[in-house]
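Given next are the chains, with one letter for each unit.
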Amino acid sequence: DGAGSSKGSSVGKKLSLILLTFQNSALILVMHYSRIMPMSGDHRYFTSTAVFLNELIKLAVSLSMAMYETSKTLAPSTPATVLVEQIYNGVFRGDGWKLALPAVFYTLQNMLQFVAVENLDAVHFQVLYQLKIITTAIFTVIMLNRPLGMVRWASLIILTLGVSVVSLPSSSMPKDSFLLHGIPDHFFPRSQHELGHQPTDDGPDVHLTRRSASYEGIADDLPVGEAGMNYSVGFTAVLIAAAVSGLAGVYFEKLLKESPTQVSVWIRNVQLSFYSVIAAFFGGIVWQEGEEILKHGAFDGYNWIVWVTILLQAAGGLIASLVIRDADNIVKNFATSISIVISFVVSLWLFDFKVSFNFLLGTSLVLVAVWLYNTQEHGLKRPQAVRLFS
Ligand code: C5P
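Along every chain, residues carry numbers that run from 1 in the direction the sequence is written. Local features in a predicted model are, by the rule used here, given only for residues with pLDDT of at least 70; side-chain atom pairs are given and counted only at 80 or more, and totals for whole chains, interfaces and linings are based on all residues. With hydrogens and water set aside, each side-chain value is computed from the structure's full complement of heavy atoms.

## Observations regarding the overall build of the protein
Put simply, the test is: Secondary structure elements are taken from DSSP: a helix is a run of H or I of four residues or more, a strand is a run of E of two residues or more, and numbering for both begins at the N terminus. Only heavy atoms matter for contacts: two residues are in contact if any of them lie within 4.5 Å across the pair. Only the protein chains shown count as cover for residues, and all accessible areas are computed by the Shrake-Rupley method using a 1.4 Å probe.
Across its full length, the protein carries 16 helices and zero strands. Taking the intrachain contacts of the protein between residues at least 6 apart in sequence as the baseline, contacts between residues at least 24 apart amount to 82%. Carbon and sulfur atoms provide 68% of the accessible area of the protein, an area that totals close to 16700 Å².

This is the structure we're talking about:
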């Protein structure tokens, strides 16, 4: 068993799955809001610096965890230089350089996610991003040589359908309820506008502000109908991100579990974020946005919402790596699919959301998919198999 040296407990497995589910719900909401919120200056924050900071935080946390883990194997009197040397060897000897590839892919994916979230409404983003369920399965079969079986394929297709149906707006809903459909759209006033719901004379604040006192402050100043969304750019970004997600995730999993060089997930994460920091710096900060950053400064447009976005993204990456270690990428995608259903339950509770037919149908499909996937546990070559909710 590849990652056997530092496998989490079964409680740990479940905890990381649950954490990932909630992290994902929060990230999508906060990230989208961070791209459309009113700007304090004349410039929105640079996504390249955000992605760079995200990778830097993951590097710092992973390095600390790797040092902690290694220090436990050393006698208390061992000089610190030995610890540093061991970490250095762990990270740079062996096949650590191979992490450069998933690092570049993940950095690209993280940058594309910002592009997609900025150019698409939440509904289209959610539906299209579900394609990663299928791309991940394809790469799992090809690269990890792990046959899925007909029933599991069927369950993944049902899952994709289910999440898509949940995310779709329902035509039978009253016009202003559309905002409540999908990931709560209070945060996404532009999407409502882009989909053809023109603001009335009263202004869209009518439905933005009446829901919940806690959102009024935010909703009051939202830049409704702001121009600048480009659907074809958004579509392309989300499609590439979905493909890259599957490829990078499965490649990381392969290195973690099947490489002859057995190192812990934290050392793998140090290797991954080391190369990601370099990729994010040169590919993002220097190449993509360098000129503008020189003009405005790297942290122009930053506020606490941007920092929350960055922290949520970094936390998500670290939790994802634990889920990949303890289960696999496919199970990780189940967790994030369920997060979409959770967003709905939250809107039900917070925003007097009416349960629609789409919601019931989509949620049922998701649950059937989870059940079907789990009925197929036995008899397949899956040594690291983990039941989703048992
Ligand atoms: O959408 P998806 O589930 O593929 O996103 C995975 C996220 O987890 C990416 O943001 C990626 O950068 C992050 N990740 C990470 N460390 C890993 C694996 C994934 O930071 N070892």
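## Structural notes on helix α3 (residues 80-92)
Under the convention used in this document: Take the number of residues in a helix, subtract one, and multiply by 1.5 Å to get its expected span.
Under the 1.5 Å per step criterion, the end-to-end length of α3 is 18 Å for 13 residues, consistent within 8% with the ideal 18 Å. Buried residues belonging to α3 abut α2 (47-73) and α12 (265-288). Just beyond α3, the residue with positive phi is G94, at close to 70°.

## Digging into a nonpolar patch on the surface
For clarity, the threshold we go by: Without a salt bridge and with relative accessible area above 30%, a residue can belong to a patch; like charges are then joined within 9 Å and nonpolar side chains (Val, Leu, Ile, Met, Phe, Trp, Tyr) within 5 Å. By salt bridge we mean one thing: a side-chain nitrogen of Lys or Arg within 4 Å of a carboxyl oxygen of Asp or Glu.
On the surface, I278, F281, F282, V286 and W287 cluster together into a nonpolar patch covering about 560 Å² of accessible area. Along the chain, V286 falls in helix α12.

## Section: helix α16 (residues 357-375)
Definition in use: Burial classes: relative accessible area under 20% of the type maximum marks a residue as buried, over 50% as exposed, and values in between as partly exposed (1.4 Å probe, protein chains only).
Here α16 spans 27 Å end to end across 19 residues, near enough to the 27 Å set by a 1.5 Å rise per residue. Inspection of α16 places N358, F359, G362, T363, V366, A369, V370, L372, Y373 and N374 among the buried residues, and these make up the whole buried set.

## Let's talk about the nonpolar core
We count it as follows: Buried residues of nine kinds, namely Ala, Val, Leu, Ile, Met, Phe, Trp, Tyr and Cys, make up a nonpolar core once their side-chain atoms join them within 4.5 Å.
Counting residues in each nonpolar core, the largest one holds 59 residues, and the members touching the most others are Y45, F125, V238, F252 and Y302. Counting only elements with at least two residues in this core, the list comes to α1 (10-36), α2, α3, α4 (100-119), α5 (122-129), α11 (231-258), α12 and α14 (304-326). Here the element with the most residues in this core is α11; it accounts for ten residues. Those residues in contact with F125, other than ones at most four positions away along the chain, are Q113, A116, V117, L120 and V238. I133, A137, V163 and Y373 belong to the second-largest nonpolar core, a separate cluster that totals 18 residues.

## Some points on the confidence of the model for the protein
How we decide: Scored from 0 to 100, pLDDT records how confident the predictor is in each individual residue.
Across the protein, pLDDT averages 78, with 76% of residues at or above 70. This stretch, residues 172-226, has a pLDDT under 50; its non-local contacts, to residues over four places away or in other chains, come to 114 contacts. Here residues 378-386 is a poorly scored stretch, pLDDT under 50, and it has 24 contacts once near neighbours within four places are set aside; other chains count. Our summary of model confidence lists the complex with pTM equal to 0.79 and ipTM equal to 0.97.

## Details of the site of the ligand
Here is the rule: Think of it this way: one heavy atom of a residue within 4 Å of a molecule or strand is enough to make that residue near it. Pairing of N or O atoms within 3.5 Å defines a polar contact, subject to two protein rules: one partner must be a possible hydrogen donor and the other a possible acceptor, and residues neighboring in sequence count only if both atoms are side-chain atoms. Asp, Glu, Lys and Arg are counted as charged, while Ala, Val, Leu, Ile, Met, Phe, Trp, Tyr, Cys and Pro are counted as nonpolar; the rest, among them Gly, fall into the polar class.
The environment of the ligand is made up of 14 residues, and the closest members are K58, N110, K132, S245 and K332. Contact distances for the ligand include 2.6 Å between an oxygen atom and a side-chain N or O atom of K58. Q109 is positioned such that a nitrogen or oxygen atom in its side chain is 3.0 Å from an oxygen atom of the ligand. Bound to the protein, the ligand loses 92% of the 470 Å² it would expose on its own. Of all elements in the fold, only α4, α11, α12 and α14 reach the threshold of two or more residues within the shell around the ligand. For the shell around the ligand, the residue count by class is five nonpolar, six polar and three charged.

## Describing the packing of α1 against α4
Worth spelling out the cut-off: Axis definition: a line fit to C-alpha positions, over the contact stretch in the case of helices; interaxial angles, taken between N-to-C directions, run 0 to 180 degrees. Here roughly perpendicular refers to angles of 65 to 115 degrees, roughly parallel to angles under 35, roughly antiparallel to angles over 145, and oblique to all remaining angles. By definition, turning the near helix anticlockwise from the far helix through less than a right angle yields a left-handed crossing, and turning it clockwise yields a right-handed one.
The contact between α1 and α4 brings their axes to 9 Å, and the two run at 70°. As summarised for this structure, α1 and α4 are arranged roughly perpendicular, according to the angle between their axes. The handedness of the crossing between α1 and α4 is right-handed. Across the interface between the two elements, M31, H32 and R35 from α1 touch Q113, F114, V117 and E118 from α4. For the contact of α1 with α4, a count of residues per class yields three nonpolar, two polar and two charged.

## A word on the packing of aromatic side chains
Quick note on the threshold: The criterion for an aromatic pair is that two Phe, Tyr or Trp rings (for Trp, the six-membered ring) have centres within 6.5 Å, with stacked assigned to planes under 30 degrees apart, edge-to-face to planes over 60 apart and tilted to the rest.
Across all of its chains, the model carries eleven aromatic pairs by this definition. With centroids separated by 6.3 Å and ring planes inclined at 80°, the aromatic side chains of Y45 and F114 adopt a geometry described as edge-to-face. Residue Y45 is found in the loop between α1 and α2, and its partner F114 is found in helix α4; the two are separated by 69 residues along the sequence. For the pair formed by Y45 and F114, the shared burial category is buried. Consider the rings of F274 and Y275, whose centres lie 5.1 Å apart with planes at 80°: the pair is edge-to-face.

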